[in-house]
Amino acid sequence: MTIIVSGTGIAGMSAALAAANAGHKVTLCGHLASPPPAGGIQLAPNGWQALDQLGLFDAAIKRATQLDHIIVRDLNNGATLTRLNLANRYASIGRADLLDLLHGVVAKHHAITHHPALISQAVPHKDGVDLVLDDGQSLMAAALIAADGVAGLGRRLVTGAPSDELRHPISHLGRVAMRADIDAADLPAVFAQPASNLWLGQGAHLVHYPIAGGRHINFAVTLSAQLANSHWQAKIFGTNPLFEKLAMGQFQWMKTSVSPAGSPLCWRRGRVVLAGDAAHIMPPHLAQGAGQALQDAASLQQALTAAASIDDALASYARQRTSAVSAVVRKADISGKIMALGGARGRLRNIMIGLAGPSFLQSWLADVWAGDPAMAE
Ligand SMILES: Cc1cc2nc3c(=O)[nH]c(=O)nc-3n(C[C@H](O)[C@H](O)[C@H](O)COP(=O)(O)OP(=O)(O)OC[C@H]3O[C@@H](n4cnc5c(N)ncnc54)[C@H](O)[C@@H]3O)c2cc1C
């Protein structure tokens with residue numbers, strides 16, 4: 001019987017490929033994003049390791065932009081606090097480029113069928129899952145891999161959490177990310193340098209890095225929802241001449257809620273397992289959400305290939321990923337809290353980061369970037 005995957009984001013498409021690579025017939029349910037999402041993501045060594053395990057490394061790295069350094073600076077005075085050399089694979093990639101690559105591979109895979117409908121109902125039982133789609137069709141599956149995002153049906157089904165709790169309206173959250181994908185030609189040339197730049201301000205921080213070989217620059221500013229409501233560009237960028245054009249408010253920004261961190265203790269209910277943001281609500285402060293989604297897929301592929309039964313495979317996947325990911329989610333949460341400090345605590349943070357130097361940053365990130373030990377064997 002077929003494995004059904006819900007969600008055509010990074011998690012869903014990579015999970016569909018993983019299950020097909022492990023020898024299963026797969027139906028991928030969901031609509032392709034239209035228009036494709038703008039901007040990019042950073043992928044650390046663990047994300048590239050997972051792409052390698054999925055057989056996608058060569059195709060993905062061709063579309064990526066290698067980043068040589070992470071540079072942490074003080075947003076108010078421009079001082080460099082620390083600079084970490086990136087010896088291992090660390091690169092940015094356009095969201096649309098990664099999704100296009102995944103979709104191309106999924107569309108060509110003989111074992112995967114794409115069904116462009118949402119799952120509106122899923123009833124797990126001991127031999128599989130019965131599903132109803134929003135186009136009226138009913139399907140029976142040996143298992144459901146729910147990669148349908150933070151507020152999807154999968155998380156509600158597995159954890160029993162009410163949907164309101166999962167939607168995180170921006171007003172109730174307190175913090176938001178403003179994202180922009182800006183043509184590099186509209187900015188000073190320094191923005192195209194192959195580095196990931198983190199600027200720590202007072203209660204707000206900014207990340208930018210080049211994508212598409214330096215032709216575009218991806219920006220994400222994390223700030224309070226209240227500050228984001230009025231002339232925030234002038235307040236955030238106005239203190240630094242490098243950001244003069246951004247301070248003028250001429251570029252388009254997209255507001256995204258920053259979800260509070262969380263990963264349920266259980267990722268599995270019978271033949272339903274979670275993957276991607278459906279499994280781990282990952283604040284973006286460690287740039288790990290998509291990387292962990294790719295690791296979920298690589299782990300699923302390994303479990304479905306090695307285990308004697310689907311039940312054993314899903315149990316092994318859920319066991320392995322639950323414990324590995326909860327540590328990353330916690331770290332992302334703590335990182336966000338440190339980045340959000342303002343006033344005297346923000347100034348002290350910057351002094352401490354400067355004093356600690358790159359080795360501290362490296363050790364903070366080392367276990368996250370190492371990926372799952374079980375996958376490295
Ligand atoms: C500001 C910001 C910066 C980030 N930067 C990085 C970064 O640098 N590096 C990194 O690794 N990560 C980063 N992330 C995180 C990353 O973007 C996400 O973790 C990742 O995109 C999640 O992918 P996903 O497929 O799990 O979820 P989604 O992309 O949300 O996909 C879920 C899919 O499920 C579909 N769906 C919903 N309900 C149903 C249903 N009932 N049936 C079928 N389909 C359904 C939706 O339509 C959607 O297509 C960042 C996030 C933010 C907000």
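Because the structure is predicted, anything quoted here is derived from the model rather than measured.

Colleague: How should the packing of helix 11 (residues 310-339) against helix 12 (residues 343-369) be read in this particular structure?
Modeller: Helix-helix packing is characterised by the crossing angle of the two axes and by the distance between the axes. Put simply, helix 11 and helix 12 touch, their axes get as near as 13 Å, and they point 165° apart. Between helix 11 and helix 12, the angle falls in the class roughly antiparallel. For the pair helix 11 and helix 12, the sense of crossing is left-handed. Taking contact as the criterion, the partners of V328, K331, I334, S335, I338 and M339 in helix 11 are, on helix 12, R349, S363, W364, D367 and V368. Here the residues of the contact of helix 11 with helix 12 are counted per class, giving six nonpolar, two polar and three charged.

Colleague: Please clarify how unusual backbone geometry should be interpreted in this entry.
Modeller: In most cases, non-glycine residues show a negative phi, while peptide bonds are predominantly trans. Omega for the peptide link from S34 to P35 comes to -5°, which places this bond in the cis form. Topologically, P35 is positioned in the loop between strand 2 (26-29) and strand 3 (40-43). A positive phi angle, close to 50°, is found at A212, a residue other than glycine. Looking at where A212 falls in the secondary structure, it is placed in the loop between strand 15 (205-211) and strand 16 (216-224). Residue classification places A212 among the buried residues on the basis of a relative accessible area of 19%. Phi is positive for A287, close to 55°, though the residue is something other than glycine. Along the chain, the position of A287 falls in the loop between strand 19 (272-274) and helix 10 (289-306).

Colleague: For this particular structure, what's the right way to read the site of the ligand?
Modeller: Near the ligand lie 27 residues; those nearest to it are Q42, R95, I119, D277 and A290. A11 places a main-chain nitrogen or oxygen 2.9 Å from an oxygen atom of the ligand. A distance of 3.0 Å is found between an oxygen atom of the ligand and a backbone nitrogen or oxygen belonging to G291. When isolated, the ligand has an accessible area of 1,000 Å², and the protein chains bury 80% of it. Of all the secondary structure elements, the ones that give two or more residues to the shell around the ligand are helix 1 (10-21), strand 3, strand 13 (175-183) and helix 10. The element best represented in the shell around the ligand is helix 10, accounting for three residues. Its residues assigned to classes, the shell around the ligand comprises 12 nonpolar, 11 polar and four charged.

Colleague: Help me understand the packing of aromatic side chains, please; the structure alone is not making it clear to me.
Modeller: Tallied over the entire structure, the rule returns 11 aromatic pairs. Between Y90 and W369, the aromatic rings sit 5.2 Å apart at their centres with planes inclined by 50°, giving tilted as the arrangement. Of this pair, Y90 sits in the loop between strand 6 (80-85) and strand 7 (91-94) while W369 sits in helix 12, and the two are 279 residues apart along the sequence. The pair Y90 / W369 is uniform in exposure class, with both members buried. Each ring, one from F191 and one from F243, has its centre 5.8 Å from the other, and the planes form 55°; the classification is tilted. Highlighted residues: F191 in the loop between strand 13 and strand 14 (195-200) and F243 in the loop between helix 8 (232-237) and helix 9 (244-247), separated in sequence by 52 residues. This pair shows no difference in class: F191 is buried, exactly as F243 is. Clustering of aromatic rings is evident, with ring pairs tying together F191, W199, F219, W232, F237, F243 and W253. The ring centre of W364 lies 4.6 Å from the NZ or CZ of K331, which sits over that ring.

Colleague: Sorry, what's going on with the pattern of salt bridges here?
Modeller: Side-chain pairing between opposite charges can occur once the charged atoms of the two side chains come close. Applying the stated rule across the entire model yields seven salt bridges. With a shortest N-O distance of 3.4 Å, K126 and D127 are connected by a salt bridge. Overall, K126 belongs to the exposed group, its relative accessible area being 68%. Between K337 and D333 there is a salt bridge, with the nearest N and O atoms lying 3.1 Å from each other. Placement of the pair is K337 and D333 together in helix 11, with a separation of four residues, close to one helical turn. For K337, a relative accessible area of 54% translates into the label exposed.

Colleague: Quick question: what am I supposed to make of the nonpolar core here?
Modeller: Nonpolar side chains in soluble globular proteins tend to be buried together. One finds I70, I119, L144, I145, L300 and W369 to be the most contacted residues of the largest nonpolar core, which totals 95 residues. Among the elements that make up this core, the one with the highest residue count is helix 11 (10 residues). For L300, the residues in contact, after removing those within four places along its chain, are A15, A18, I145, V273, L314 and Y317. Counting 24 residues, the second-largest nonpolar core is a separate cluster that includes L75, M178, I182 and W253.

Thresholds applied
Residues numbered from 1 in each chain as written. Predicted model: local features only at pLDDT ≥ 70, side-chain atom pairs only at ≥ 80, totals over all residues. Heavy atoms only, no water. Axes fitted to C-alpha atoms, helices over the stretch in contact; angles between N-to-C directions. Helix = DSSP H or I, 4+ residues; strand = E, 2+ residues; numbered from the N terminus. Parallel < 35°, antiparallel > 145°, perpendicular 65-115°, else oblique. Left-handed = near helix turned anticlockwise from the far one by under 90°. Contact = heavy atoms within 4.5 Å. Nonpolar A, V, L, I, M, F, W, Y, C, P; charged D, E, K, R; others polar. Buried < 20%, exposed > 50% of the residue type's maximum accessible area, 1.4 Å probe, protein only. Near = heavy atom within 4 Å. Polar contact = N/O pair within 3.5 Å; in protein donor to acceptor, adjacent residues only side chain to side chain. Areas by Shrake-Rupley, 256 points an atom, 1.4 Å probe, with all protein chains shown as cover. Phe/Tyr/Trp six-rings, centres within 6.5 Å; stacked < 30°, edge-to-face > 60°. Lys NZ or Arg CZ within 6 Å of the ring centre and 35° of its normal. Salt bridge = Lys/Arg side-chain N within 4 Å of Asp/Glu carboxyl O. Core = buried A, V, L, I, M, F, W, Y, C linked by side-chain atoms within 4.5 Å.

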